[in-house]
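One letter stands for each residue in the lines below.
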Amino acid sequence: MAGVPAVRISIESACEKQVQEVGLDGSETYLQPLSMSQNLARLAQRIDFSQGSGSEEDEPGSAGRAWAEPGEAEDEEGLVKFQPSLWPWDSVRNNLRSALTEMCVLYDVLSIVKDKKFMTLDPVVQEPPPPKQNPQFLQLISKKKSLAGAAQILLKGAERLSKSVAENQENKRQRDFNSELLRLRQHWKLRKVGDKILGDLSYRSAGSLFLHHGTFEVIKNTDIDLDKKIPEDYCPLDVQIPSDLEGSAYIKVSIQKQAPDIGDLGTVNLFKRPMPKSKPGSPHWQTKLETAQNVLLCKEIFAQLSREAVQIKSQIPHIVVKNQIISQPFPGLQLSISLCHSSNDKKSQKSAAEKQNPEDHLYVLEHNLHQLIRECHKQTLSSTVMPHPASAPFGHKRMRLAGPQAFDKNEISALQSNEGLLEKIIKQAKHIFLRRRTARTIDSLASRIEDPQIQAHWSNINDVYESSVKVLITSQGYEQICKSIQLQLNIGVEQIRVVHRDGRVITLSHQEQELQDFLLSQMSQHQVHAVQQLAKVMGWHVLSFSNHVGLGPVESIGNASAITVASPNGDYAISVRNGPESGSKVMVQFPRSQCKDLPKGDVLQDNKWNHLRGPFKEVQWNKMEGRNFVYKMELLMAALTPC
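Residues numbered from 1 in each chain as written. Predicted model: local features only at pLDDT ≥ 70, side-chain atom pairs only at ≥ 80, totals over all residues. Heavy atoms only, no water.

1. Here's the deal with the overall build of the protein
Then, number 1: From N to C terminus, the protein includes 14 helices and 20 strands.
Then, number 2: Looking at the protein residue by residue over its 643 residues, the buried ones come to 30%.
Then, number 3: Counting only contacts in the protein whose residues sit at least 6 apart along the sequence, the fraction spanning at least 24 positions is 58%.
Then, number 4: Element-wise, carbon and sulfur atoms account for 54% of the exposed surface of the protein, whose accessible area totals about 43900 Å². (Helix = DSSP H or I, 4+ residues; strand = E, 2+ residues; numbered from the N terminus. Buried < 20%, exposed > 50% of the residue type's maximum accessible area, 1.4 Å probe, protein only. Contact = heavy atoms within 4.5 Å. Areas by Shrake-Rupley, 256 points an atom, 1.4 Å probe, with all protein chains shown as cover.)

2. Considering the pattern of salt bridges
When their charged atoms lie close together, side chains carrying opposite charge are able to pair.
Then, number 1: For the coordinates displayed, the defined rule picks out eight salt bridges.
Then, number 2: Among the salt bridges present, the one from Arg183 reaches Glu180, with a minimum N-O distance of 3.8 Å. Pair noted here: Arg183 and Glu180 are both in helix H6 (residues 177-187), with a separation of three residues, about one helical turn.
Then, number 3: Assessed through its relative accessible area of 36%, Arg183 is described here as partly exposed.
Then, number 4: We classify Glu180 as buried; its relative accessible area is 5%.
Then, number 5: The partner of Asp238 in a salt bridge is Lys288, with the nearest N and O atoms 4.0 Å apart. With Asp238 in strand S6 (residues 237-240) and Lys288 in helix H7 (residues 284-311), the pair connects residues that are 50 residues apart, well separated along the chain.
Then, number 6: According to the relative accessible area criterion, Lys288 is partly exposed, its value standing at 34%. (Salt bridge = Lys/Arg side-chain N within 4 Å of Asp/Glu carboxyl O.)

3. Thoughts on the state of the cysteines
Then, number 1: Summed over the entire model, instances satisfying the criterion amount to zero disulfides.
Then, number 2: Counting only cysteine sulfurs, Cys340 is the nearest neighbor of Cys298, a cysteine outside any disulfide, at a range of 9.3 Å.
Then, number 3: Among the residues examined, Cys298 registers a relative accessible area of 0% and is labelled buried. (Disulfide = S-S within 2.5 Å.)

4. Details of the pairing of strand S18 (residues 573-579)
Then, number 1: S18 sits mainly inside the fold: six of its seven residues count as buried.
Then, number 2: Pairing geometry for strand S17 (residues 561-566) and S18, over six bridges, is antiparallel. Looking at the pairing, Thr564 lines up with Ser575 of S18.
Then, number 3: Linking S17 back to S18 in an antiparallel pair, the connection comprises six residues, with Gly570 at a positive phi of about 80 degrees.
Then, number 4: As paired elements, S18 and strand S19 (residues 583-591) share seven bridges and run antiparallel to each other. Paired with Ile574 across the bridge in S19 is Val588.
Then, number 5: Following S18, the chain reverses through three residues before pairing antiparallel with S19. (Pairing = 2+ DSSP bridges.)

5. Topic: unusual backbone geometry
Then, number 1: In this model, Asp451 is joined to Pro452 through a cis peptide bond whose omega is 0 degrees.
Then, number 2: Within the secondary structure, Pro452 sits in the loop between helix H12 (421-448) and strand S11 (453-458).
Then, number 3: Phi at Lys322 takes a positive value of approximately 55 degrees, unusual for a residue other than glycine.
Then, number 4: Position of Lys322 relative to the elements: it lies in the loop between strand S8 (319-321) and strand S9 (324-327).
Then, number 5: For Lys322, a relative accessible area of 63% puts it in the exposed group.

6. Section: the nonpolar core
Then, number 1: Judged by nonpolar contacts, the single largest core of 42 residues is most densely connected at Leu184, Leu201, Leu237, Ile251, Leu289 and Ile337.
Then, number 2: Those elements that provide at least two residues to this core are H6, strand S5 (215-220), S6, strand S7 (248-257), H7, strand S10 (333-342), helix H9 (363-382) and H12.
Then, number 3: The dominant element in this core, judged by the number of residues it contributes, is H7, at eleven residues.
Then, number 4: With residues up to four places along the chain from it excluded, the contact list for Ile251 reads Cys298, Ile301, Phe302, Ile337, Ser338, Leu339, His361, Glu366 and Leu369.
Then, number 5: By size, the runner-up hydrophobic cluster in this structure holds 23 residues, among which are Ala530, Leu534, Val619 and Trp621. (Core = buried A, V, L, I, M, F, W, Y, C linked by side-chain atoms within 4.5 Å.)

7. Let's talk about the sheet that holds strand S3 (residues 189-193)
Then, number 1: Ordered in space as S3-S4-S5-S6, the four strands form an open sheet in which the pairing is antiparallel. Looking at strand neighbours, the two that pair on one side only are S3 and S6, the edges of this open sheet. The sheet shows a mean angle of 35 degrees between the axes of neighbouring strands, direction not considered.
Then, number 2: Pairing of S5 with S6, which is carried by four bridges, proceeds in the antiparallel orientation. Residue pairing across strands places Val218 opposite Val239, the latter belonging to S6.
Then, number 3: Along the sheet face, H7 touches S5 and S6 and points at about 15 degrees away from the line of S6. (Axes fitted to C-alpha atoms, helices over the stretch in contact; angles between N-to-C directions.)

8. What to know about the pairing of S9
Then, number 1: Side chains of S9 alternate between two faces, with Gln324 and Ile326 and Ile325 and Ser327 buried alike.
Then, number 2: Count of turn residues in the S8/S9 antiparallel hairpin: two residues, of which Lys322 carries a positive phi of about 55 degrees.
Then, number 3: Two elements, S9 and S10, share four bridges in a ladder whose sense is antiparallel. Among the inter-strand pairings, Gln324 is bridged to a residue of S10, identified as Ser338.

9. Structural notes on the confidence of the model for the protein
Interpretation of the predicted coordinates at a detailed level should be avoided for regions scoring low in pLDDT.
Then, number 1: Chain-level pLDDT for the protein is 79 on average; 74% of the residues reach the 70-or-more range.
Then, number 2: Within the protein, the element-level pLDDT minimum falls on helix H2 (residues 55-68), averaging 44, and the maximum on strand S14 (residues 496-499), averaging 93.
Then, number 3: Segment residues 55-85 is flagged for pLDDT under 50; beyond a separation of four residues in sequence, or across chains, it makes ten contacts in the model.
Then, number 4: Contacts for the low-pLDDT stretch residues 261-272, under 50 throughout, to residues beyond four places or in other chains number 31 contacts. (pLDDT = per-residue confidence, 0-100.)

10. A closer look at H9
Then, number 1: A rise of 1.5 Å per residue sets the reference length of H9, with its 20 residues, at 28 Å; its end C-alpha atoms lie 29 Å apart and thus fit the reference within 8%.
Then, number 2: If you check which residues of H9 are buried, you get Leu365, Glu366, Asn368, Leu369, His370, Leu372, Ile373 and His377.
Then, number 3: On its buried face, H9 is in contact with S7, H7 and H12. (Expected span 1.5 Å × (residues − 1).)

11. Overview of the environment of Gly614
Then, number 1: Turning to its location among the elements, Gly614 is positioned in strand S20 (residues 613-618).
Then, number 2: Judged by relative accessible area, which is 6%, Gly614 ranks as buried.

12. Side note on the packing of H9 against H12
Then, number 1: It is at 11 Å that the axes of H9 and H12 come closest, and there the two elements cross at 150 degrees. As judged from the angle between their axes, H9 and H12 are roughly antiparallel. Considering how the two elements wind past one another, H9 and H12 form a crossing that is right-handed. Residues Val364, Leu365, Asn368, Leu369, Leu372 and Ile373 of H9 form the contact with H12, whose participating residues are Leu421, Lys424, Ile425, Gln428, Ala429 and Ile432.
Then, number 2: In the contact of H9 with H12, the residues fall into nine nonpolar, two polar and one charged. (Parallel < 35°, antiparallel > 145°, perpendicular 65-115°, else oblique. Left-handed = near helix turned anticlockwise from the far one by under 90°. Nonpolar A, V, L, I, M, F, W, Y, C, P; charged D, E, K, R; others polar.)

Have a look at this one:
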């Protein structure tokens, strides 16, 4: 066996983890392996910083020699010898020691230089460089070249911009007249007559029969000097409208008190409306033509109204004075319809400024006039309806049926009758005035009378000839109990229909006093109805009730109402009489046993007659505490109710 060479055998531990402890039951407790940081710390602890640096030269040589002759040692001794490996942190330790030495030297040098006792430091003198190789001079030259290149680029860009601006101005000067004419043709009717281009402002295509031609001419704008700067709103196209359609116009409708003398009426005071502003992006000729067309429409409306005012036969004839039409819808009132036309010259503007009056213009009626004239245009277009069958005569369908259905003269005249523009606007003016008067009457009563309260709820959906308002009469704090008076006022053209809660209908005229008297009587009845509802809640018994009392002083407005209620045990009674003018009168009837001033007679000997109630005594109602009538009545009933 001695001649056989030694074979190395690597032996591995059976367990990766070392056994720390073996229990009595045979269980083993293992040690956890070290982490990388713990292993690094363990290796760092092995560094000996006190050992000299000379050992590091011996160790590698000895180690090299030890590793260089492994075979000889094995051959000689025949045993495997394990040499210690080189320490891995030797280089780190050596570098740290050399760095420490250099830092110590540097510290000593700096301390000597700072004290300036033993050594001083002076800068090294250098030879001046030649002038051609001065870096500042070279830097200046490079900057000049860079700035020159940048300036050249900016000059080229400025030149291009100036050329583009000049081209744009040239394009504006040479804007195509035909392109602007094409835009005009998209909105207005144009035709060429000879060498002129004419347009149409009238509403003939919509059904108008007004005789005004309404023609305007399209011309080329040559008033501007092309050599000078062109303004932004320059347009090569302009329109020339007739002189009678220049300026602005509108129809003024007002309702006012009747003038004392017709001779005082003349030309209506004109005040100029602000010209409509042109929309952004729209040409100036568009606004000019729209204003002229509005003047033409206002003239057509006024001409139609003037013609109907002369033709219509009414009880009070209509008056046409210059540019004003006067009608009398109600006695003491007059409806004035005026054509206000102001031109653009300075003289008319100055006179209009001197004649300005407070604005009493009804814009609603002006708007309705424009709608009515457009309806007339539509009827004119649709009046010629082709008959069906084709053999039937022309005309309205109902007129064609007059023969087969044997219509009489009245029915035929009813078919032929048609309200004109003036009659419709007068009816609308009557309704507006009646509605305003009704609202003013209700508001004046609500502000003047605090008890009971009156509330008006106007409907948002109304007709031009009829409006509705719901009137509620309540007492403050007792709205849920006192709901007996609820009125529906339907305001028409010349009368007001009042619908009660129970379905009764009362028709009132246009007189303001009549409506006021009716509301006052209803407010008086509300107090009596409130006492009736309160008696039911308090447990009192209603003995008698009447909305129209025939006894007592006669009321000039309506009739007085009265009610008599008795306490739950019948000992006390309260009698209330309320009138629109006389007001409320409250009387209380006490038991006969509590009346000491009653005369004693020999007729009534039995004691049972003492249970009857005695005479009534009036209550000083003004001295009662309470915020309103119903609250005072509640306190009075509570005081007379037995516990």
